[in-house]
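This is what each chain is made of:
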Amino acid sequence: MLWLDIAPDSGLFPRNSTRNYLLRVTTKAHPWGFNVDELRETKRLSAEQAKQSLEAFNCNKSVKNGERPHPIQGWPYVANAPVPLAWLLIEAQSILEESGTLITPEKSVELWRKVKERCRKFIEGRNPLPSEQLDPRNRPLLVHWAYRVQEILETWLEQPQAPQLLALAEALARAVSTQLMALLVPVEALTQPSRNEEGQSSGNNKPATTDRIANVEHLFQRLNAGGTELRGNDLAYSMIKAYWPGIEKTIQNIETRPPETQVALLGAQLALATDDDKLPPPLNVTTLRTLARIDDGQQPSDDSKKMRQGELDRIKTMFALKGQVSSEAPIKLALQRLDKWFLYDDVNRDQRWGLPPVLRSRMAEQAPEVFLFLLRLTHHTTQEPEPDVRRKLLGLSTALHWFSQDRQRAVRWLWETSPAEWCDGSAFFKNQKPLLTQLHELSDDQRHKTMANILTPEQLSDYISIDTFNEDSIGKWRWWDTLVTDQAKKEGKTADERQAKYGGLIKILKDYNYRNNNGLLLMYAQREQMASCFPNYDSSHIGYWDAHNVPWDFDHILPQSAFADMRTENDLMEVCKQWGNTIANLHIYPFEKNRSRQDEKANKSLPRDESTRMLLNPFELDTFSLETKDIRFNKDKPQNSEAPRKVYEFVLAARTRLLRIYGEWYDNLLIGHLLQSDNQSTISQTNIAAND
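Only a predicted model underlies this, so the values are computations on that prediction, with no experimental measurement involved.

Conventions used here
- Residues numbered from 1 in each chain as written.
- Predicted model: local features only at pLDDT ≥ 70, side-chain atom pairs only at ≥ 80, totals over all residues.
- Heavy atoms only, no water.
- Helix = DSSP H or I, 4+ residues; strand = E, 2+ residues; numbered from the N terminus.
- Buried < 20%, exposed > 50% of the residue type's maximum accessible area, 1.4 Å probe, protein only.
- Contact = heavy atoms within 4.5 Å.
- Areas by Shrake-Rupley, 256 points an atom, 1.4 Å probe, with all protein chains shown as cover.
- Pairing = 2+ DSSP bridges.
- Axes fitted to C-alpha atoms, helices over the stretch in contact; angles between N-to-C directions.
- pLDDT = per-residue confidence, 0-100.
- 1 Å grid on protein atoms, 1.4 Å probe; cavity = no way out; pocket = protein on both sides within 12 Å on 5 of 7 lines; lining within 4 Å.
- Points joined across faces, edges and corners; volume = space filled by probe spheres on them.
- Parallel < 35°, antiparallel > 145°, perpendicular 65-115°, else oblique.
- Nonpolar A, V, L, I, M, F, W, Y, C, P; charged D, E, K, R; others polar.
- Salt bridge = Lys/Arg side-chain N within 4 Å of Asp/Glu carboxyl O.
- Phe/Tyr/Trp six-rings, centres within 6.5 Å; stacked < 30°, edge-to-face > 60°.
- Lys NZ or Arg CZ within 6 Å of the ring centre and 35° of its normal.
- Patch = residues over 30% accessible without salt bridge, like charges linked within 9 Å, V, L, I, M, F, W, Y side chains within 5 Å.
- Core = buried A, V, L, I, M, F, W, Y, C linked by side-chain atoms within 4.5 Å.
- Polar contact = N/O pair within 3.5 Å; in protein donor to acceptor, adjacent residues only side chain to side chain.
- Left-handed = near helix turned anticlockwise from the far one by under 90°.

1. A word on the overall build of the chain
Then, in step 1: Broken down by element type, the chain carries 32 helices and seven strands.
Then, in step 2: Counting only residues that meet the buried cut, the chain has 50% of its 692 residues in that class.
Then, in step 3: Excluding contacts between residues fewer than 6 apart, the proportion of contacts in the chain whose partners are at least 24 apart in sequence is 70%.
Then, in step 4: When the accessible surface of the chain is totalled, it reaches about 33800 Å², and 46% of it is carbon and sulfur.

2. Structural notes on the sheet that holds strand S3 (residues 82-84)
Then, in step 1: With respect to topology, three strands assemble into an open sheet ordered S2-S1-S3, the strand pairing being antiparallel. Every interior strand has two partners, whereas the edge strands, strand S2 (22-25) and S3, have only one. Strand-to-strand twist across the sheet, computed as the mean angle between neighbouring axes with direction ignored, equals 35°.
Then, in step 2: Across the sheet, helix H2 (residues 85-99) lies against strand S1 (2-5), S2 and S3, angled at about 65° from S3, the strand it touches most.

3. A word on the confidence of the model for the chain
Then, in step 1: In this model, the chain carries a mean pLDDT of 80, and residues with pLDDT of at least 70 account for 78%.
Then, in step 2: Here residues 199-204 is a poorly scored stretch, pLDDT under 50, and it has one contact once near neighbours within four places are set aside; other chains count.
Then, in step 3: Residue range residues 610-616 is modelled with pLDDT below 50. Its contacts to residues more than four positions away, or to other chains, number 22 contacts.

4. Quick look at empty space enclosed by the protein
Then, in step 1: Under the criterion given, the structure shown has two cavities of 30 Å³ or more.
Then, in step 2: In this model, the second largest cavity occupies a volume close to 30 Å³.
Then, in step 3: Residue lining of the second largest cavity: Leu338, Phe342, Leu343, Leu355, Arg360, Met363, Phe371 and Leu374, and that is the complete set.
Then, in step 4: Elements with a contribution of two residues or more to the lining of the second largest cavity: helix H14 (330-342), helix H15 (357-366) and helix H16 (368-380).

5. Some words on the packing of H14 against H16
Then, in step 1: Here H14 crosses H16 at 105°, and the two axes come no closer than 8 Å. It follows from the interaxial angle that H14 and H16 lie roughly perpendicular. Across the interface between the two elements, Pro330, Ile331, Ala334, Leu335, Arg337, Leu338, Trp341 and Phe342 from H14 touch Phe371, Leu374, Leu375, Leu377, Thr378 and His379 from H16.
Then, in step 2: Its residues assigned to classes, the contact of H14 with H16 shows eleven nonpolar, two polar and one charged.

6. Looking at the pattern of salt bridges
Then, in step 1: A complete count under the given rule lists 22 salt bridges for this structure.
Then, in step 2: Glu260 is the partner of Arg257 in a salt bridge, and the nearest nitrogen-oxygen pair spans 3.9 Å.
Then, in step 3: Of the charged contacts, one joins Glu441 and Lys433 as a salt bridge, the two residues approaching to 2.8 Å between their closest N and O atoms.
Then, in step 4: Among the residues examined, Glu441 registers a relative accessible area of 38% and is labelled partly exposed.
Then, in step 5: Through salt bridges with shared partners, a single ionic network connects Glu98, Lys107, Glu110 and Lys114.

7. Some points on the packing of aromatic side chains
Then, in step 1: Going through the model one piece at a time under the given rule, you end up with 25 aromatic pairs.
Then, in step 2: Between Trp32 and Phe591 the ring centres are 6.5 Å apart and the planes differ by 35°, which places this aromatic pair in the tilted class. Separated by 559 residues along the polypeptide, Trp32 in the loop between S2 and helix H1 (47-59) and Phe591 in helix H27 (residues 591-597) bring together distant segments of the chain.
Then, in step 3: Taken together, a centroid distance of 6.5 Å and an interplanar angle of 85° make the contact between Trp402 and Phe403 edge-to-face. In terms of burial, Trp402 and Phe403 fall into one category: buried.
Then, in step 4: An aromatic cluster is present here, built from Trp402, Phe403, Tyr524, Tyr662, Trp665 and Tyr666 joined pairwise through their rings.
Then, in step 5: When the ring centre of Tyr524 is taken as reference, the NZ or CZ atom of Arg527 above it lies at 4.3 Å.

8. Comments concerning the pairing of S2
Then, in step 1: Residue alternation in S2 divides its side chains into a buried set, Leu22 and Arg24, and an unburied set, Leu23 and Val25.
Then, in step 2: In this structure, S1 lies alongside S2, joined through four bridges in antiparallel fashion. Within S2, the residue paired with Trp3 across the bridge is Arg24.

9. Quick notes on a nonpolar patch on the surface
Then, in step 1: Residues Leu2, Leu23 and Val25 make up a contiguous nonpolar surface patch of about 250 Å² in total accessible area.
Then, in step 2: Relative to the assigned elements, Leu2 resides in strand S1.

10. Quick word on the nonpolar core
Then, in step 1: In this structure, Trp579 and Trp665 are the most contacted members of the largest nonpolar core, which totals 130 residues.
Then, in step 2: In terms of residue count, the dominant contributor to this core is helix H30 (residues 643-668) (eleven residues).
Then, in step 3: Beyond its immediate chain neighbours, meaning those up to four positions away, Trp579 contacts Ile464, Phe469, Trp477, Trp479, Ala584, Asn585, Phe650, Val651, Ala654, Arg655 and Leu658.
Then, in step 4: The next biggest cluster of nonpolar side chains, apart from the first, holds 47 residues, and it includes Trp3, Trp32, Phe57 and Ala146.

11. Re the side chain of Arg44
Then, in step 1: With respect to the helices and strands, the residue Arg44 is situated in the loop between S2 and H1.
Then, in step 2: Taking relative accessible area as the criterion, Arg44 reaches 15% and is therefore assigned buried.
Then, in step 3: Reaching out from Arg44, the side chain makes a polar contact with the backbone oxygen of Val550 at a distance of 3.3 Å.

12. Comments concerning the pairing of strand S4 (residues 552-556)
Then, in step 1: Of all five residues making up S4, five are buried, and the element is well covered by its neighbours.
Then, in step 2: With burial as the criterion, each face of S4 is covered, one bearing Trp552, Phe554 and His556 and the other bearing Asp553 and Asp555.

13. Points about the environment of Arg126
Then, in step 1: Note on placement: Arg126 falls in helix H3 (residues 105-126).
Then, in step 2: Here the alpha-carbon distance between Arg126 and Gln73, two residues 53 residues apart in the chain, equals 9.6 Å.

14. Thoughts on helix H24 (residues 517-525)
Then, in step 1: Buried residues dominate H24, accounting for eight of its nine residues.
Then, in step 2: Among all positions of H24, only Asn518, Gly519, Leu520, Leu521, Leu522, Met523, Tyr524 and Ala525 are buried.

15. Focus: the packing of helix H11 (residues 260-271) against H16
Then, in step 1: For the pair H11 and H16, interaxial distance at closest approach is 10 Å and the crossing angle is 60°. Relative to H16, H11 is oriented oblique. The element H11 and its partner H16 pack so that their crossing is right-handed. Contacts between H11 and H16 involve Gln262, Leu266, Gln269 and Leu270 from the first element and Pro368, Phe371, Leu372, Leu375, Arg376 and His379 from the second.
Then, in step 2: Here the residues of the contact of H11 with H16 are counted per class, giving six nonpolar, three polar and one charged.

16. Overview of unusual backbone geometry
Then, in step 1: One non-glycine residue, Ala320, lies in the positive phi region at around 55°.
Then, in step 2: Note that Ala320 resides in the loop between helix H13 (303-318) and H14.
Then, in step 3: Despite not being glycine, Leu670 shows a phi value in the positive range, around 55°.
Then, in step 4: Along the chain, Leu670 falls in the loop between H30 and helix H31 (671-674).

17. Looking at the environment of Pro245
Then, in step 1: Along the chain, Pro245 falls in the loop between helix H9 (232-243) and helix H10 (247-252).
Then, in step 2: In the structure, Pro245 is positioned 76 residues away from Leu321 in sequence and 8.4 Å away in space, judged by C-alpha atoms.

See below:
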């Protein structure tokens, strides 16, 4: 929702701001809005501000306690008298219809009376808490926005000549009456044959319709560079919409889906797939122009054009552009099956192994060839595979998404096997070697494998061996020195040999940039909490993935302050960093709750039931007190003699949690079956923590 603060407090503006009014926005993820900044960067509220907003919404009966409100149930926190901009524009439009383009002082007074009346009706319909019942000390914050706007307007209307009445009314009138300028393009620009047409002749000597569109498309690209330039997939999608009008209506008719651009591109790519078991190449600008040029209403004159016309017809069929009902579009049915087969389902206990919707959408965007592999199965096979087969298919797909180094090559190889064989499960055991082993060895380049060598939880536990941790020398522990070079010497091998076996997987698990693939692994491990805390999160828009837009944070369980003092450098702090910024010390937590705990210990601030729901008890990381002052050096010794033991306990707890996170994926998606060459594989249910 877009709001206009009609009477902003001077304290709301950034220093040296030249603005008179503030436009505010509230979203599903942040129904309390955002902070004000003169720059383009979006700034979230503090957690304390978000908590105060929720308190205000609850006091005014806008939303039930514990629920994340929709934008209509809240209002922007950083605003004094916010009004839905739609209200103001509607009332300004009605005034203009009565009086033409001129807003007189009398008409401006009428406009604000209408807005005040809207507030009155809104209060009667919504029944928020009357302002006089609120604690006067909290009233400026807790009072409902509609009461606040009423009060402002009553004050204004007592002074009809107040300058802001007329000035703001005139600004709204200008916004309503604004006209977009249409660029006048000479007729020749639309009818002139393109370079590809030169020398060709047609029966009626008229250029094809699609050639005219191509010319407009070229103009669009040139002119659009002056604004927000479209690149890559977005540019291709804009071309698809221009060449095949109506395709966006089919996509928008799909209630839950990946990003719109990916649905269009992958759906068209799937339509172009033939029966020769070859992965169709990704669509690009050149391919789209070639296809569109065939659609000229004339009969193709040669085999090449007939083939292209067939491809064009298949795209139209896929998106129901040939007189079909869009609700029966094959792309819609395929996506619905994909969601039914592979998404997390809290109601169906047998499918709690599925993906949260956000991971489905990110796979389509970040690993489109892998998503296309699944889409091919749901498009060509209407019979739902057995649950274990679906789990293995999802295990294979997530392994490719998160741990593959050459997904294009891997999917080309998988594509050679028919959808029927994948869906009946026979494809998993076609060869002597396990499927994931075959994918790992697919490349001849020893330095660049098609995908990482997937380890069992036991192998991962052995690699990060508990024997490598020693309380007396814990400060010397390092991912590379301890686990690669030192262990290689003990085994009589080179560091490169050990790295080749374990490095691809470990590199991702210990990555500090937890918004990458390791963050996706953590989301999967916390899928139950994701479904519980963020059930209405819209993941079909890539913009909602930005750090300021998602309704969660990657929260450090042991606060960063315990090991991120930049003024202090020593071995104990360094080993804490080695583990503290990995997913072993992170969990996904609602933004407004996370920021409010600041550096409070997790075992004091996080409810136990939330830990149970995560299945990944984080309290083992915080059952002891570790603070920066404990591990600062004073004459080469920690201030606290207990510091080495505390760091040792933290690292062991982090190791246990990392193995649990990995085991959640490995066990639930039957990865063990993909590392076996026959049907007798078993799921690892090893309790690693107990063994250690």
